[in-house]
Each structure stands twice: as C-alpha cells, then as structure tokens.
Amino acid sequence: MSLKNAMTADFLRSAYGGESMAHIRYLVWAESAEKNGFPNIGRLFRAISYAEWVHARNHFNVLKDQVGDATVAAGGVFGLTNIVENLQGAFDGEVHEIDQMYPVYLETARFQGEKDAERSFHYALSAEKEHAKLFKKAQDLAKQDKDTDNSKIYVCPICGFTVEEEAPEKCPICGVKKDLFKEF
Ligand SMILES: [Fe+2]
Ligand SMILES: [Fe+2]
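Residues numbered from 1 in each chain as written. Chains lettered and ligands numbered in written order. Predicted model: local features only at pLDDT ≥ 70, side-chain atom pairs only at ≥ 80, totals over all residues.

1. Brief notes about the overall build of the protein chain
Within the protein chain, the secondary structure is distributed over four helices and three strands. Reading the secondary structure of the protein chain in the N-to-C direction produces α-α-α-α-β-β-β. Its C-alpha atoms give the protein chain a radius of gyration of 16 Å, within 12% of the compact-globule value 16 Å for 184 residues. Principal axes of the C-alpha set define a box for the protein chain whose edges measure 50 × 35 × 25 Å. Counting contacts in the protein chain only where the partners sit at least 6 residues apart, residues at least 24 apart contribute 72% of the total. (Helix = DSSP H or I, 4+ residues; strand = E, 2+ residues; numbered from the N terminus. Rg over C-alpha atoms; globule rule 2.2 N^0.38 Å. Contact = placed C-beta atoms within 7 Å.)

Structural data, given as structure tokens:
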C-alpha cells in the first residue's frame, strides 16, 4: 500500500531522520562508555542503537514509493560529555519521542488511514518506552560510578522491543518468535 497523505509522509521522514541520528549517537556514546570503564552500559547503547536502526528502517520502508531527494527536519540530541550526562541525553530523547513526537505522528497516521505508517509509529512508540526505563536504570548506577550488570540484552528485529536477561517466547509488541531476537 503506498502513502497517500503528505503530512504522514513528512512525519515518517522526520521520524526516520530522528531515529537515524539516535542510531549513530548511541554508537558514539557506546564507544565513550566503553573507553571510560562502563562496558555493559556501552553494550546497552549498542543494543538500543540497533533498535533505533530497526525503527529507521521501518519508516524508510513505508516511504519506499516516495522516490527522490527531500530536506529532512528532525529533532536530535547533541553532546559528548560524561556517562551520566550522555545517559540523561538518551533518556530525554526517548521521553520526547514517547510524550510528544510519536503520539502525534501515530494519531495523524490513524486519522489519515495510513495503516503501514500507523504500524511503524506504533512499533517505535512502544519500544521507546522500554528504552527510557533501561537508560534511567543505567543512569542510577552510573551516578554511583557503577556499571550495569553483564546480563544479555535482546532486541526484536521487527519492532525494536528491547529486554534484558531473556527474550520472550513472542514479542509483546509485534509477536515475532523468540529465536529471531538479536542478542547483545
Ligand atoms: Fe529508543
Ligand atoms: Fe517485536
């Protein structure tokens, strides 16, 4: 099904831009965490970076028939300071997506009858809620100069749902099977 509405298409491009930046930003912050003695927080950034890639890919795929150049305006968080501040930036970015951006984008896609866009926004909104919790938990430890524990982190390759310790039998957001989850 191809997109019919310009506003939903604009929101997809903006969300694609935001997710693409988050993907890179989390890899930069992962490298910084690892260099500064927080390998597990580094791994958390890498896992969530992958989830943001999943979101960017999903949005891009919905836009597949919109061929050609576009100027993209998207929110991005900047700064590379210390682990606690970087985690604050990560948390703030996720909360912006959860409270402001995705609910509006999702309602617009729903109102305009854009089913594929609606699904892509729903997946991202749902996954970001887990990301915000994981970043907050990591920051509480980093404030005490502690790393997170070394339990595995699993990411759904369809919707970006992210969970520690063990992947669920079925993804609670999109229903994909456990063995497809990517391990970090
Ligand atoms: Fe996220
Ligand atoms: Fe999923």
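2. A few points about the sheet that holds strand β3 (residues 182-183)
In sheet architecture, strand pairing relies on hydrogen bonds along the backbone and comes in two forms, parallel and antiparallel. Read across the open sheet, the three strands follow the order β2-β1-β3; overall the sheet is antiparallel. The sheet is open, and its two edges are formed by β2 (162-164) and β3, each paired on a single side. Inspection of the sheet shows strand β1 (residues 153-155) paired to β3 by two bridges, in the antiparallel sense. Note that in β3 the partner of Val155 across the bridge is Lys182. Relative to the sheet, helix α2 (residues 39-62) contacts β1, β2 and β3, its axis offset from that of β1 by approximately 5 degrees. (Pairing = 2+ DSSP bridges. Axes fitted to C-alpha atoms, helices over the stretch in contact; angles between N-to-C directions.)

3. Topic: the UniProt feature "domain: Ferritin-like diiron" (unreviewed entry) in the protein chain
Per the UniProt record, "domain: Ferritin-like diiron" (unreviewed entry) is annotated on residues 2-146. Helix makes up 77% of residues 2-146 and strand makes up 0%, while its end C-alpha atoms are separated by 48 Å. (UniProt positions renumbered as here; feature names shortened; annotations may be inferred.)

4. Remarks on α2
Between the first and last C-alpha of α2 there are 35 Å, a value that for 24 residues agrees with the 34 Å anticipated at 1.5 Å per step. For α2, a buried count of 18 out of 24 residues is recorded, marking the element as mostly surrounded by other parts of the structure. (Expected span 1.5 Å × (residues − 1). Buried ≥ 20, exposed ≤ 12 C-beta atoms within 10 Å, placed from the backbone.)

5. Examining the environment of His96
In this fold, His96 is placed in helix α3 (residues 83-111). Sequence separation between His96 and Thr8 is 88 residues; the distance between their C-alpha atoms is 19 Å. Those residues in contact with His96 that sit more than four places away from it in its chain are Gly75 and Met101.

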